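What follows is the residue order along each chain.
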Amino acid sequence: MKYDKETQLNLISIPDTELMFYPSYFSQQESDIILENLLTEINWRQDKIKLYGKEMNIPRLTAWYGDEGKSYTYSHITMNPIPWTPVLLSIKQRVEEIANISFNSVLINLYRYGQDSMGWHSDDEPELGKNPIIASVSFGGTRKFQLRHRFNKTLKKVEINLTHGSLLMMQGKTQECWQHQIPKTAKFVNPRINLTFRIIK
């Protein structure tokens, strides 16, 4: 991992992926204000999934915002977009300065405590297209973000601490060749909100 002091950029060099990590893309003050706004203004929902024939709550709260008609389906859950809020548009604009593209949707996850999590998966749904560019922004408590290669089992897992105000850019063959997760933790951790900006085709 190479650290560029001028741009606050960590260049993460691993095979079959293009990852760029900005641990402090948003300032502490900005991040605090945004976190409070998102906690109170986002229209959170509690979805359910079937696992081994039993229906249960997914271990986090979610929301889907975006342009009209840009619906998203994952794990048999279909989400229809809620119109952008001013704070989401502000975050989107800042992220697009780095991405150099225009996103049309965002999946928002609220991890309320350490037992809220996201299992191993790739963001490779058909509506995202081939080799999607995904910008992941985090506010709140630091959580571990783990990656594992889908095919080359000799490669070690990669772990990144997603900090308050951080931005992780995932592009290239990342979703094709790697899975990622947010594991549970028994340690105390403050609530965390993650926004993954996407382009729905």
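Residues numbered from 1 in each chain as written. Predicted model: local features only at pLDDT ≥ 70, side-chain atom pairs only at ≥ 80, totals over all residues. Heavy atoms only, no water.

As recorded in an unreviewed UniProt entry, the protein chain goes by the name Alpha-ketoglutarate-dependent dioxygenase AlkB, listed as coming from Cuspidothrix issatschenkoi CHARLIE-1.

Re the overall build of the protein chain
Each helix and strand counted, the protein chain has three helices and 16 strands in total. In terms of C-alpha radius of gyration, the protein chain reaches 16 Å, essentially the compact-globule figure of 17 Å for 201 residues. By principal-axis analysis of the C-alpha atoms, the protein chain measures approximately 40 × 40 × 40 Å. For the protein chain, with 201 residues in total, the buried portion stands at 50%. Put simply, of all contacts in the protein chain between residues at least 6 apart along the chain, 72% involve residues at least 24 apart. Carbon and sulfur atoms make up 51% of the accessible area of the protein chain, which amounts to about 10400 Å² in all. In the protein chain, which carries 25 positive and 21 negative side-chain charges, the distance between the mean positions of the two groups comes to 9 Å. (Helix = DSSP H or I, 4+ residues; strand = E, 2+ residues; numbered from the N terminus. Rg over C-alpha atoms; globule rule 2.2 N^0.38 Å. Buried < 20%, exposed > 50% of the residue type's maximum accessible area, 1.4 Å probe, protein only. Contact = heavy atoms within 4.5 Å. Areas by Shrake-Rupley, 256 points an atom, 1.4 Å probe, with all protein chains shown as cover. Lys, Arg positive; Asp, Glu negative; His and termini not counted. Charge placed at Lys NZ, Arg CZ, Asp CG, Glu CD.)

As for the UniProt feature "domain: Fe2OG dioxygenase" (unreviewed entry) in the protein chain
UniProt marks residues 102-201 with the feature "domain: Fe2OG dioxygenase" (unreviewed entry), using the numbering shown here. Helix and strand shares over residues 102-201 are 4% and 48% respectively, and the end C-alpha atoms of the span are 12 Å apart. (UniProt positions renumbered as here; feature names shortened; annotations may be inferred.)

A look at unusual backbone geometry
A positive phi angle, near 50°, is found at Ser75, a position not held by glycine. Within the fold, Ser75 resides in the loop between β7 (72-74) and β8 (77-79). Residue Ser75 is classed as exposed on the basis of its relative accessible area of 52%. Although it is not a glycine, Asn100 sits at a positive phi angle of roughly 60°.

Comments concerning the nonpolar core
Leu38, Leu88, Ile91, Ile108, Phe139, Leu195 and Phe197 are the most contacted members of the largest nonpolar core, which totals 30 residues. Listed by contribution, the elements that provide at least two residues to this core are α1 (28-41), β6 (61-66), α2 (86-99), β9 (105-111), β11 (134-140), β14 (166-171) and β16 (192-198). At five residues, the largest contribution of residues to this core is made by α2. Counting residues in hydrophobic clusters, the runner-up holds 17 residues, among them Ile12, Met170, Cys177 and Trp178. (Core = buried A, V, L, I, M, F, W, Y, C linked by side-chain atoms within 4.5 Å.)

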